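Structural features, examined
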Protein chains: 2
Amino acid sequence: MRDVAIVGVAQTKFGELWNASFRDLVVEAGVNAIQDANMSGDSIDAMYIGNMSGGLFVGQEHIGALIAEHSGLAPIPVTRVEAACASGGLALRQAIMAVASGFYDKVVAAGVEKMTDVVDATPAIAAASDQEWEAQQGVTFPSLYAMMARRHMYEYGTTREQLAAFAVLDHENGSLNPKAQFQNKITVEKVLNSTPVAKPMNLLDCSPVSDGAAAVVVCPAEDAHKYTDTPIYVQASTQASDTIALHSRKSITTLEATVNASRKAYDIAGIKPNQIDVAEVHDCFSINGLLAIEDLGFFEKGKGGQAIEEGLIARNSEVSVNTSGGLKARGHPLGATGLAQAAEVTWQLRGDADKRQVDGAEIGLTHNVGGTGGTVAIHILSRDQKL
Amino acid sequence: MRDVAIVGVAQTKFGELWNASFRDLVVEAGVNAIQDANMSGDSIDAMYIGNMSGGLFVGQEHIGALIAEHSGLAPIPVTRVEAACASGGLALRQAIMAVASGFYDKVVAAGVEKMTDVVDATPAIAAASDQEWEAQQGVTFPSLYAMMARRHMYEYGTTREQLAAFAVLDHENGSLNPKAQFQNKITVEKVLNSTPVAKPMNLLDCSPVSDGAAAVVVCPAEDAHKYTDTPIYVQASTQASDTIALHSRKSITTLEATVNASRKAYDIAGIKPNQIDVAEVHDCFSINGLLAIEDLGFFEKGKGGQAIEEGLIARNSEVSVNTSGGLKARGHPLGATGLAQAAEVTWQLRGDADKRQVDGAEIGLTHNVGGTGGTVAIHILSRDQKL
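Let me begin by describing the structure that accompanies this report. The structure displayed is predicted, hence computed values, not measured ones.

Procedures and definitions
Residues numbered from 1 in each chain as written. Chains lettered and ligands numbered in written order. Predicted model: local features only at pLDDT ≥ 70, side-chain atom pairs only at ≥ 80, totals over all residues. Heavy atoms only, no water. Helix = DSSP H or I, 4+ residues; strand = E, 2+ residues; numbered from the N terminus. Rg over C-alpha atoms; globule rule 2.2 N^0.38 Å. Buried < 20%, exposed > 50% of the residue type's maximum accessible area, 1.4 Å probe, protein only. Contact = heavy atoms within 4.5 Å. Areas by Shrake-Rupley, 256 points an atom, 1.4 Å probe, with all protein chains shown as cover. Lys, Arg positive; Asp, Glu negative; His and termini not counted. Charge placed at Lys NZ, Arg CZ, Asp CG, Glu CD. Phe/Tyr/Trp six-rings, centres within 6.5 Å; stacked < 30°, edge-to-face > 60°. Least-squares fit on C-alpha atoms with pLDDT ≥ 70 in both. Expected span 1.5 Å × (residues − 1). Salt bridge = Lys/Arg side-chain N within 4 Å of Asp/Glu carboxyl O. Polar contact = N/O pair within 3.5 Å; in protein donor to acceptor, adjacent residues only side chain to side chain. Pairing = 2+ DSSP bridges.

1. Considering the overall build of chain A
The number of helices and strands found in chain A is 13 helices and 12 strands. On C-alpha atoms alone, chain A measures out to a radius of gyration of 19 Å, which is about the 21 Å that the 2.2 N^0.38 rule sets for 387 residues. Taking all 387 residues of chain A together, 68% fall into the buried category. For chain A, long-range pairs separated by at least 24 residues make up 77% of all intrachain contacts whose partners lie at least 6 apart in sequence. Of the roughly 12200 Å² that chain A leaves accessible, carbon and sulfur atoms contribute 48%. One way to put it: in chain A the 30 positive side-chain charges average out to a point 2 Å from where the 45 negative ones average out.

2. A closer look at the packing of aromatic side chains
Residue and element names in this part refer to chain A. Following the criterion strictly, the structure yields 6 aromatic pairs over all chains and no others. A ring pair is formed by F141 and Y145, whose centres lie 6.5 Å apart and whose planes are at 35°; its orientation type is tilted. In this pair, F141 and Y145 are both assigned in helix α6 (residues 141-156), 4 residues apart and thus about one turn of the helix distant. Judged by its relative accessible area of 0%, Y145 falls in the buried class.

3. Some remarks on the relation of the copies chain A and chain B
Laying chain A over chain B is done by rotating through 180° and shifting 0.0 Å along the axis; what remains is an RMSD of 0.0 Å. A rotation of that kind, with that shift, is consistent with a two-fold axis. If distances are taken from each C-alpha of chain A to the rotation axis, the shortest is found for S101 of chain A, at 1.9 Å. Comparing interface residues between copies, 100% of those in chain A also lie at the interface in chain B; the contact surface is shared.

4. Describing helix α7 (residues 160-174) of chain B
In a regular helix each residue adds 1.5 Å, so 15 residues correspond to 21 Å; α7 of chain B covers 22 Å between its end C-alpha atoms and thus fits that length. Within α7 of chain B, 13 of the 15 residues are buried, which leaves it mostly tucked inside the rest of the structure.

5. A short note on helix α10 (residues 286-295) of chain B
All names here are of chain B. Of all 10 residues in α10, 10 are buried; the element is thus mostly enclosed. Residues of α10 that are buried include every one of S286, I287, N288, G289, L290, L291, A292, I293, E294 and D295, and no others. Positive phi shows up at G297, right after α10, with a value of about 85°.

6. Description of the environment of K199 of chain B
All names here are of chain B. Mapped onto the elements, K199 comes out in the loop between β5 (196-198) and β6 (201-202). C-alpha of K199 to C-alpha of I308: the two residues are 109 residues apart in sequence and 21 Å apart in space. Ignoring sequence-local partners within four residues, the contact set of K199 consists of A146 and R150.

7. Considering the interface of chain A and chain B
Interfaces are often sized by the accessible area lost when the parts come together. Residue-level contacts link 59 residues of chain A with 59 residues of chain B. Counting across the chain A and chain B interface gives 5 salt bridges. The salt bridge involving R23 of chain B is made with D130 of chain A; its shortest N-O contact spans 2.7 Å. Taken together, chain A and chain B are joined by 42 residue pairs in polar contact (both at pLDDT 80 or more).

8. Some details on unusual backbone geometry
Residues and elements named next belong to chain A. In this chain, K199 is followed by P200 through a cis amide linkage whose omega measures 10°. The phi dihedral of A84 falls on the positive side, at around 50°, and the residue is not glycine. In this fold, A84 is placed in the loop between β3 (78-82) and α4 (87-100). Phi at D354 is positive, roughly 55°, even though this residue is not glycine. Inspection of the secondary structure assignment puts D354 in the loop between α13 (337-350) and β11 (363-370). Using a relative accessible area of 62% as the deciding quantity, one classes D354 as exposed.

9. Examining the pairing of strand β11 (residues 363-370) of chain B
Residues and elements named next belong to chain B. Burial within β11 is extensive, with 8 of its 8 residues counted as buried. Side chains I363, L365, H367 and V369 project from β11 onto one buried face, and the interleaved G364, T366, N368 and G370 project onto a second face that is buried too. Both strand β9 (residues 278-280) and β11 contribute to a ladder of 3 bridges, which runs parallel. Residue A279 lies in a different strand from β11, and its bridge partner there is L365. Of the pairings in the sheet, the one linking β11 to strand β12 (residues 375-382) comprises 8 bridges and is antiparallel in character. Bridge assignment links V369 to a residue of β12, and that residue is V376. Counted between consecutive antiparallel strands, the loop separating β11 from β12 contains 4 residues, among which G371 sits at a positive phi close to 60°.

Spelled out as structure tokens, the structure:
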């Protein structure tokens, strides 16, 4: 297998984008990523699109052909990949495999979701859970994650304030990210006083409904310097599955798929979790950010809340988590998230993250979760080719 | 890149399967394919699922995790791939790439659709066309293909009877396939007298709404004899895109994506179209079967109708087309079709096709179309590893 490098990244503004259609968003991100890679569109060999539910949000399937036409990239192969909110991470992974295998040399992975064109996004989002055993019984995503939060509080003494502190961190970072949906700072008090959604979680514990797209261009590592002075190298690309239904799990305070995929990724990259400088973790709800920093091995199980409270995941601390603002503040257009994470880590490792730049960031990780952890994709990226 | 072989295949019965759920169907096909490969489930490394619209047909996205759980295959990576009715062909292609690259050694590609759980399947199917420029204007798939048929009749003098003859051939073959949705023979007269759907196409020109699943197991060619005495070798796996919207094409009597993907496949395999013994082509409507045998290079453009009429695509003729019954008679559960095609060609090349066996079939082709040709996947398979 060939080594693979990221040579171009882009993200649209995330938010309620009334003036842009589904196809506009993904083409904007794709074109900008190709330009960032100093390539011409007609040299691209293939494209992968991460999208959770074009069907339920905008009545559109056959996303690959739609984008092939609207981007002018036809007749190249364009393939849509879906794994709920991990769709973007899996699209990136397929692009990496396509290059590693030697099938293609220049591949774009793009992610997109247009969620604000429906009156109520909840039923579409619920299609990421088990339709027969969860969604049809009236369980929504906030309530699934609320159960996980309650259990974590019960088992480990995690406090309501510690959960809120994750959202506060996200907004602190998001305030420095001009592409973030929310660029305002918030406080623990404000989270605790926000509208209850599913106890113990309030509105400010929950990532928003968002429109947006992001894209990444990959090529063989040996060619990377043709396109950029600062290629970022893919050290590992892993994926694990777990039950789609929360009730089928042994524990609901650990995402086994995060543990499986990240341990495999550390092995492949030959590093330990404490070598990660910057990490974009999947905080669709504040509890999931907390579970992530434990399950990724940054902190012991049960100690995540304390770590947040003590500032150990702030910028330039032990591990700089969600410098982009995370799903909570950057926004969470489902299929785009995994690629927005890869774009942020790339900017950090290049030294291009402007006001939110982490000093001397050399190794970064992205953690992209589908549903309540039925799918997890992990990528480890680095500034140096050899670690 | 490593050579890849097919060592296991399976297909559920296609039809209106009221007693089986979405998840039951794909697990039945997957388990049977793994057994056909003489493997144990816990040795499988990864799985790809082809599915067009779990979201619109059964309210379920996150198909990979659903199948990972229900098949007991978690924590292995399970990835859903979508390209409308070409979803199955693309899932097979990703599985082949995953093995060719060296990422995995034993990979299952499965395809599934459960279409009969909705009152009207038409709006879901229409999501394969351009939602904004076609579906919302009231254009349905039968009407899109009807325009192509009319134009072909105008340009090349193709007759109504010649189109009907394609459906008659499908039913003739389907009558010998115990897994086909329709196992009755029909006549040209019966097609011409069936209910009009979109002129010139009648009910019996149109593939049905179907439930079903199919699966294929692939491994490195060098390992294939560990699992079976009759491995079938993948000589080429290609994919091309075209505009999703029919009105954007230069011509509506040629699927450019079929031409592009098949020419590339013939080049990679080092063969000419006339070396294909058996071909499963994507006849969602009789006109598309006719376009396929022209665009694949079996017959000159404009001569397809005559070829059908003269029996040149019947079993044991110049090229044996749709020995399974094709989409028209075997049935067309959208995401499953590409894998059912691969299963049929595998059975033919193994010599396992029972009453519908073609004499001495050595090289086969599958042709899987998304929408009106926005995506096409081609696979060339063979009995001998070296051609």
